Amino acid sequence: GGSGLLDKKANGHGAARLVADTAVDELSKELAHGGCVDSHLQDQLIILMALAKGKSKIRTGPLTLHTETAMYMCGLMTGATFVVVKEAESPSHGKDSGSLSQQVVIECVGMGFQK
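What you see is a predicted model; the values in this text were computed from it and never measured.

How each quantity is defined
Residues numbered from 1 in each chain as written. Predicted model: local features only at pLDDT ≥ 70, side-chain atom pairs only at ≥ 80, totals over all residues. Heavy atoms only, no water. Buried < 20%, exposed > 50% of the residue type's maximum accessible area, 1.4 Å probe, protein only. Helix = DSSP H or I, 4+ residues; strand = E, 2+ residues; numbered from the N terminus. Arc of directions from axis to C-beta. Core = buried A, V, L, I, M, F, W, Y, C linked by side-chain atoms within 4.5 Å. Contact = heavy atoms within 4.5 Å. pLDDT = per-residue confidence, 0-100.

Topic: helix 2 (residues 42–51)
Those residues of helix 2 lying buried are Gln-42, Asp-43, Ile-46, Met-49 and Ala-50. For helix 2, the arc enclosing every buried residue in end-on projection is 100°, short of the 170-degree limit, so these residues lie on one face. Exposed residues pointing more than 90 degrees away from the buried face of helix 2 are listed as Gln-44 and Leu-48.

Brief notes about the nonpolar core
Among the nonpolar cores identified, the biggest contains 12 residues, and these are Val-37, Ile-46, Met-49, Ala-50, Ile-58, Ala-70, Met-71, Cys-74, Ala-80, Phe-82, Ile-106 and Cys-108. Those elements giving two or more residues to this core turn out to be helix 2, helix 3 (65–78) and strand 5 (104–109). If near-sequence neighbours (up to four positions away) are discounted, Ile-46 is found in contact with Thr-67, Ala-70, Met-71, Cys-74, Phe-82 and Ile-106.

Focus on the confidence of the model for the protein
A residue-level look at the protein finds 87% of positions with pLDDT of 70 or above and a mean pLDDT of 86. Across the protein, the secondary-structure element scoring lowest on mean pLDDT is strand 3 (residues 90–91), at 60, and the one scoring highest is helix 3, at 98.

Concerning the environment of Leu-63
Note on placement: Leu-63 falls in the loop between strand 1 (55–60) and helix 3. Through-space distance from the C-alpha of Leu-63 to that of Gln-103 is 9.0 Å; in sequence the pair is 40 residues apart. With sequence-adjacent residues up to four places away left out, Leu-63 is seen in contact with Gln-42, Glu-68, Met-71, Val-84, Val-104 and Ile-106.

As structure tokens, this is what we get:
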């Protein structure tokens, strides 16, 4: 996802354009990674993967610190195991064309929680 915040001191069409440009830039960077999960959702899915039965996988861009922390803590609390597989860097498309984008696949063997 992408988002932008309006500066209270800014006004007029230029301010709205700046917020929109910020959101579009953020979204473009997420899409350039080619993953199925953006940086804001990564860490939230880790808990569900740890609780699930069997093997779960998600493809995403570079890991966030929150995601790394979530994997560590969920592994401690549930015994779930996580493996991060770095995929080959691929050419980025769009505004940052010409740069390389890193994809990773997060794999988890969950604890199989049942109520």
